[in-house]
Amino acid sequence: VVQRKVDEFQEAFAEARLCLDDARESAGTAYFAEDIQEAKEAVDGCLEQYEALMNELEGPVKDTVDNANGMKIRQLQEELNQLLHEDHD
């Protein structure tokens, strides 16, 4: 069960990463507003999934999953924040 939830989180993370890449590539175009909205939704969904996963886990398993993914989550948030606050006109 834990591995399935970790796998689901990994899929959500990969999707969020792709959405961020799309938004980055469309910066300065008419597509940016839609792409950044999709990226925000994907990142938010990934974060919610990760928080739920962390709330279900405990002890060494929680530490292992957090050590493997915590930095990636923070980086994902930071990338989204950068894209949201850059001037794309």
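Residues numbered from 1 in each chain as written. Predicted model: local features only at pLDDT ≥ 70, side-chain atom pairs only at ≥ 80, totals over all residues. Heavy atoms only, no water.

(A) Up close: the packing of aromatic side chains. Applying the stated criterion across every chain, the model contains two aromatic pairs. Consider the rings of Phe9 and Phe13, whose centres lie 6.2 Å apart with planes at 45 degrees: the pair is tilted. Placement of the pair is Phe9 and Phe13 together in helix H1 (residues 2-26), with a separation of four residues, close to one helical turn. Taken as a pair, Phe9 and Phe13 share a single burial class, namely buried. Measuring from ring centre to ring centre gives 5.0 Å for Phe9 and Tyr50, while their planes differ by 40 degrees; the resulting arrangement is tilted. Of this pair, Phe9 sits in helix H1 while Tyr50 sits in helix H2 (residues 32-56), placing them 41 residues apart in sequence. The exposure class of Tyr50 is buried, given its relative accessible area of 7%. One aromatic cluster in this structure is built from Phe9, Phe13 and Tyr50. Lying over the aromatic face of Phe13, Lys72 brings its terminal NZ or CZ to 5.0 Å of the ring centre. (Phe/Tyr/Trp six-rings, centres within 6.5 Å; stacked < 30°, edge-to-face > 60°. Helix = DSSP H or I, 4+ residues; strand = E, 2+ residues; numbered from the N terminus. Buried < 20%, exposed > 50% of the residue type's maximum accessible area, 1.4 Å probe, protein only. Lys NZ or Arg CZ within 6 Å of the ring centre and 35° of its normal.)

(B) Quick peek at H1. For H1, which comprises 25 residues, the first-to-last C-alpha distance of 36 Å matches the rise-based estimate of 36 Å (1.5 Å per residue) to within 8%. Of all the positions in H1, only Val6, Phe9, Ala12, Phe13, Ala16, Cys19, Leu20, Ala23 and Ser26 are classed as buried. The elements touched by buried residues of H1 are H2 and helix H3 (59-85). At the C-terminal side of H1, Gly28 shows a positive phi close to 85 degrees. (Expected span 1.5 Å × (residues − 1). Contact = heavy atoms within 4.5 Å.)

(C) Looking closely at the packing of H2 against H3. Viewed as axis vectors pointing N to C, H2 and H3 meet at an angle of 160 degrees, and their least axial separation amounts to 10 Å. As summarised for this structure, H2 and H3 are arranged roughly antiparallel, according to the angle between their axes. When the axes of H2 and H3 are compared, the crossing they make is left-handed. The residues of H3 that touch H2, namely those facing Phe32, Ile36, Ala39, Lys40, Val43, Cys46, Leu47, Tyr50, Leu53 and Met54, are Lys62, Val65, Asp66, Asn69, Gly70, Ile73, Leu76, Gln77, Leu80, Leu83 and Leu84. Of the residues contributing to the contact of H2 with H3, the split by class is 15 nonpolar, three polar and three charged. (Axes fitted to C-alpha atoms, helices over the stretch in contact; angles between N-to-C directions. Parallel < 35°, antiparallel > 145°, perpendicular 65-115°, else oblique. Left-handed = near helix turned anticlockwise from the far one by under 90°. Nonpolar A, V, L, I, M, F, W, Y, C, P; charged D, E, K, R; others polar.)

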